[in-house]
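Architecture and fold: a report
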Amino acid sequence: MQDNASIIDVNEQNIQQVLEASRQTPVLVDFWAPWCQPCLQMAPILEKLAAEYQGKLILAKVNADEQQNIAAQFGVRSLPSLKLVYQGQLVAELEGAQSEGALRQWLAPVLDPEAAEKEQEEGFLEQIRMAIDAGHGDQAEQALRQTLQQQPDKHAFRALLVEFLLGEGRQDEAQSVLAEIAEDVEELRPFRARFALLDKLPAGNESLKTLAERIQADGKPEDLHAYGLRAAAAGQFREGLEALLTLLRDHRDYEEGVARAALLQVFDCLPKGDPLASEYRRKMFTYLY
């Protein structure tokens, strides 16, 4: 037994005790030998992880030269060799020298399954975004829809699908996908706010280009207001915020101070903590106070 209670030197007298402990706590069995240089190099990393995950991981060190029967039982063919045992079952194995990062990633599904799942989801979302940027929107949409059929509670995936559909001008489809989830979900709030914004757009069918040209010509407050909301509704948030900020600066009292209310509406359309919202909140307060 090592000084650290999470690190155990294993032999034939205590191997059953160690395996029994795996029913409650994951056991990382490290097969090593004194002559194995990669084993010796990896040992401090394994001990560091055992200390860090104390209470969540047991490091069971097996000198393969001295405990040949145990090594044979585990099917060890080369060193270093790592076996992860949990709930009495071998759940993963790894051969050869490994970096700390590789070991953490290997252990994550058992020691921190929530973090591992989150990392996997973020990787999937990044692949979808890359596919959309590369012009493969149809395949990206299909992958998102298939995933949501199986896992409708993956709200980040739903948010990306809604964002994609809005970008394609398929507003009704986007609203339909959003309506499939009735409860208030943080990832979906910006899109609900965006649809609420669409319902409150000023009357008129002018294009954003036409409104921009009129603003350039005379900067009328009604055009700034219309452009700001329409641009934000179209996903051009910076342009919309800039127009509404100009409205606040130059026509503060227009429509009983509608510029401030409009800015707040657009902020609601941005994800929580979005740097663009923070930037324009500061600018808004500069003109208010």
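This is a predicted model, so every value here is computed, not measured.

The computed volume of the largest pocket comes to approximately 440 Å³. Looking at the largest pocket, it is lined by 18 residues, and the ones nearest its centre are A159, E187, P190, F191 and P271. Mapped onto the lining of the largest pocket, the elements with two or more residues apiece are α5 (113-133), α7 (155-167) and α9 (189-199). The residue inventory of the lining of the largest pocket, partitioned by class, reads 10 nonpolar, no polar and eight charged.

Quick look at the packing of aromatic side chains now. Counted under the stated rule, the structure contains two aromatic pairs. With centroids separated by 5.3 Å and ring planes inclined at 55°, the aromatic side chains of F31 and F74 adopt a geometry described as tilted. Of this pair, F31 sits in strand β2 (residues 27-32) while F74 is found in the loop between α3 (68-73) and β4 (81-86), placing the two residues 43 residues apart along the sequence. This pair shows no difference in class: F31 is buried, exactly as F74 is. Judged by centre distance (4.9 Å) and plane angle (50°), the rings of F124 and F157 are tilted. Highlighted residues: F124 in helix α5 and F157 in helix α7, separated in sequence by 33 residues. F124 gets classed as partly exposed once you look at its relative accessible area, which sits at 23%.

At a minimum axis separation of 10 Å, helix α12 (residues 237-250) and helix α14 (residues 275-288) run at an interaxial angle of 5°. As summarised for this structure, α12 and α14 are arranged roughly parallel, according to the angle between their axes. Along its contact with α12, which presents F237, R238, L241, E242, L245, L248 and R249, the element α14 presents L276, E279, Y280, K283, M284, Y287 and L288. By residue class, the composition of the contact of α12 with α14 is nine nonpolar, no polar and five charged.

Now for the pattern of salt bridges. Evaluation of the coordinates by the stated rule reveals 18 salt bridges. Between E100 and K48 there is a salt bridge; the shortest N-O distance is 3.1 Å. Here the residue E100 occupies a position in helix α4 (residues 100-111), and K48 occupies one in helix α2 (residues 37-52), the gap between them amounting to 52 residues. Its relative accessible area of 25% is what places E100 among the partly exposed residues. Of the residues examined, K48 reaches a relative accessible area of 42% and is grouped as partly exposed. For the salt bridge of E279 with K283, the shortest nitrogen-to-oxygen distance reads 3.1 Å. Of this pair, E279 and K283 both sit in helix α14, separated by four residues, roughly a single helical turn. On the basis of relative accessible area, K283 is assigned to the partly exposed category, the value being 29%. One continuous salt-bridge network, built from bridges that share partners, spans K48, E52, E100 and R104.

For the rest of this paragraph, the subject is the sheet that holds β4. The strand order across the open sheet built from five strands is β1-β3-β2-β4-β5, with neighbouring strands paired in mixed fashion. What marks the edges here is a single partner per strand, and that holds for β1 (7-9) and β5 (89-95). With direction set aside, neighbouring strand axes in the sheet form an average angle of 20°. Looking at chain direction, β1 and strand β3 (residues 58-63) are connected through three bridges and run parallel. In the strand pairing of β3, I8 is matched with A60. Across the sheet, α4 touches β2, β4 and β5, and the angle it forms with β4 is around 15°.

Bringing the nonpolar core into the picture now. Counting 30 residues, the largest nonpolar core has L241 and V266 as its most contacted members. Contributing elements (two or more residues each) for this core: α9, α11 (221-233), α12, α13 (258-268) and α14. What V266 contacts, discounting residues up to four positions off in sequence, is L197, L229, A232, F237, L241 and L244. By size, the runner-up hydrophobic cluster in this structure holds 22 residues, among which are I128, L148, F157 and F191.

About the criteria used
- Residues numbered from 1 in each chain as written.
- Predicted model: local features only at pLDDT ≥ 70, side-chain atom pairs only at ≥ 80, totals over all residues.
- Heavy atoms only, no water.
- 1 Å grid on protein atoms, 1.4 Å probe; cavity = no way out; pocket = protein on both sides within 12 Å on 5 of 7 lines; lining within 4 Å.
- Points joined across faces, edges and corners; volume = space filled by probe spheres on them.
- Helix = DSSP H or I, 4+ residues; strand = E, 2+ residues; numbered from the N terminus.
- Nonpolar A, V, L, I, M, F, W, Y, C, P; charged D, E, K, R; others polar.
- Phe/Tyr/Trp six-rings, centres within 6.5 Å; stacked < 30°, edge-to-face > 60°.
- Buried < 20%, exposed > 50% of the residue type's maximum accessible area, 1.4 Å probe, protein only.
- Axes fitted to C-alpha atoms, helices over the stretch in contact; angles between N-to-C directions.
- Parallel < 35°, antiparallel > 145°, perpendicular 65-115°, else oblique.
- Contact = heavy atoms within 4.5 Å.
- Salt bridge = Lys/Arg side-chain N within 4 Å of Asp/Glu carboxyl O.
- Pairing = 2+ DSSP bridges.
- Core = buried A, V, L, I, M, F, W, Y, C linked by side-chain atoms within 4.5 Å.

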